[in-house]
Amino acid sequence: MDLDFPFDIIGFDLDGTLVDTSGDLTAAVNHVLGSVGRPLLSADTVKQHIGGGAKLMLQHGLEATGGIPDNDFKPLYRQMLAYYEANVSEHSRPFDGALALLDALDNMGVRYAVVTNKFESLAVKLLTDLNLADRMGCILGADTLGKENAKPSGAPIFEMIKRCGGGRAAYVGDSIYDVMAAKNASVPSVAVSFGFLHGPVEDMGADAVIDHFDELLGCLRQLGSN
């Protein structure tokens, strides 16, 4: 155990932070768009709308290709979720350096967890497929505490700290929802520049920015000393 490391718990967003899920999310959106005769979207286009949950992602996909059908959204949404659940880990892989980072945290005795705006069941399935679920102190989804307590609420960050046994925490993510959740929970935030960004990473207001996971431990040490 590293007694000098300033944090007891590190929380991670999932999509665009710990795991590159863009291929499978794009395939799910395009599955729905193709079924209603819409043009398909590129991964770069879909990436811009990941972070606020699956419903928002599909809404933007439909709006970008002709608008949201009046009475058809709910069945299309269910169709997308069913397709995604069946193919959740087809193309998704941890970002470069993520596994080595988790190994380092294990060696230091630092607990870590996932707090995502994905449904908890989908997050658990994805992380299980990638052999990561059992390593997590907890996995919290958008529906774990009720949708009103999804990010940007600080509630899931507080719950993560509680479930991981308490202590000083930091949170790592790639969207304004992540930074706001951290601020609302009064914990330091780190933004990853390699995530599914909606704009310049510097504009999110995170306490620090990293370009690769091999920078995270040094970044956290610096944040923890402030």
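Since we're looking at a predicted model, the values are computed, not measured.

*Asks:* Please set out the overall build of the chain residue by residue, giving values where relevant.
*Replies:* The secondary structure content of the chain amounts to nine helices and eight strands. Over its C-alpha atoms the chain spans a radius of gyration of 17 Å, differing by no more than 12% from the 17 Å that the globule rule assigns to 226 residues. On the principal axes, the C-alpha backbone points of the chain span a range of 60 × 35 × 30 Å. Split into buried and exposed, the 226 residues of the chain put 50% on the buried side. Sequence-distant contacts, at least 24 apart, represent 69% of the contacts inside the chain between residues at least 6 apart.

*Asks:* An account of the sheet that holds strand β4 (residues 111-115) is requested, with residue identities and associated values reported.
*Replies:* Ordered by their spatial adjacency, six strands build an open sheet running β5-β4-β1-β6-β7-β8, and the pairing between neighbours is parallel. Each end of this open sheet is capped by a strand with a single partner; those strands are β5 (139-140) and β8 (208-210). Across four bridges, the pairing between strand β1 (residues 9-12) and β4 is parallel. When the bridges of β4 are listed, Ile-10 appears paired with Tyr-112. Each of β1 and β4 touches helix α5 (residues 98-108); the most contacted strand, β1, lies at about 160 degrees to it.

*Asks:* For the side chain of Thr-26, give the residues involved together with the corresponding values.
*Replies:* As for its placement among the helices and strands, Thr-26 is situated in helix α1 (residues 22-35). Thr-26 has contacts with Leu-41, Ser-42, Ala-43 and Val-46, leaving out every residue within four places of it along the chain.

*Asks:* Kindly report on the environment of Phe-213, identifying the contributing residues and their values.
*Replies:* With respect to the element layout, Phe-213 can be found in the loop between β8 and α9 (216-225). Looking at Phe-213, the relative accessible area reads 1%, which means it is buried. Counting along the chain gives 111 residues from Phe-213 to Leu-102, while the straight-line C-alpha distance between them is 9.8 Å. Once you skip the residues sitting within four places of it in the chain, Phe-213 turns out to touch Phe-12, Thr-17, Leu-18, Phe-95, Asp-96, Gly-97, Ala-98, Leu-101 and Phe-194.

*Asks:* Could you give me a rundown of the packing of helix α3 (residues 54-63) against helix α4 (residues 73-86), with the residues and numbers involved?
*Replies:* Contact pair α3 / α4: the axes reach a minimum separation of 10 Å and the direction vectors enclose 115 degrees. The two elements α3 and α4 meet at a crossing, and its hand is right-handed. Residues Ala-54, Lys-55, Met-57, Leu-58, Gln-59 and Leu-62 of α3 touch α4, and the partners they reach there are Phe-73, Leu-76, Tyr-77, Met-80 and Leu-81. Classifying every residue of the contact of α3 with α4 by side-chain character gives nine nonpolar, one polar and one charged.

*Asks:* How would you sum up the nonpolar core? Please name residues and give values.
*Replies:* In terms of nonpolar packing, the biggest core is built from 56 residues, with Ile-10, Phe-12, Leu-18, Leu-105, Val-190, Phe-213 and Leu-216 touching the most fellow members. It is α4 that contributes the most residues to this core, six residues altogether.

*Asks:* Describe the pairing of strand β6 (residues 169-173), naming the residues involved and giving the relevant values.
*Replies:* Note on strand geometry: in a regular strand, side chains alternate between the two faces of the sheet. Counting buried residues along β6, five of its five residues qualify, which places the element largely inside the surrounding structure. Taking the sense of rotation as the criterion, the β-α-β connection linking β6, helix α8 (residues 176-184) and strand β7 (residues 189-192) turns out right-handed.

*Asks:* So what about the environment of Lys-74? Which residues, and what values?
*Replies:* With respect to the helices and strands, Lys-74 occurs in helix α4. With 133 residues separating them in the primary sequence, Lys-74 and Asp-207 have C-alpha atoms 38 Å apart.

Procedures and definitions
- Residues numbered from 1 in each chain as written.
- Predicted model: local features only at pLDDT ≥ 70, side-chain atom pairs only at ≥ 80, totals over all residues.
- Heavy atoms only, no water.
- Helix = DSSP H or I, 4+ residues; strand = E, 2+ residues; numbered from the N terminus.
- Rg over C-alpha atoms; globule rule 2.2 N^0.38 Å.
- Buried < 20%, exposed > 50% of the residue type's maximum accessible area, 1.4 Å probe, protein only.
- Contact = heavy atoms within 4.5 Å.
- Pairing = 2+ DSSP bridges.
- Axes fitted to C-alpha atoms, helices over the stretch in contact; angles between N-to-C directions.
- Left-handed = near helix turned anticlockwise from the far one by under 90°.
- Nonpolar A, V, L, I, M, F, W, Y, C, P; charged D, E, K, R; others polar.
- Core = buried A, V, L, I, M, F, W, Y, C linked by side-chain atoms within 4.5 Å.
- Right-handed = clockwise from strand over helix to strand, strands pointing away.

Nothing here speaks to function; it is all geometry.
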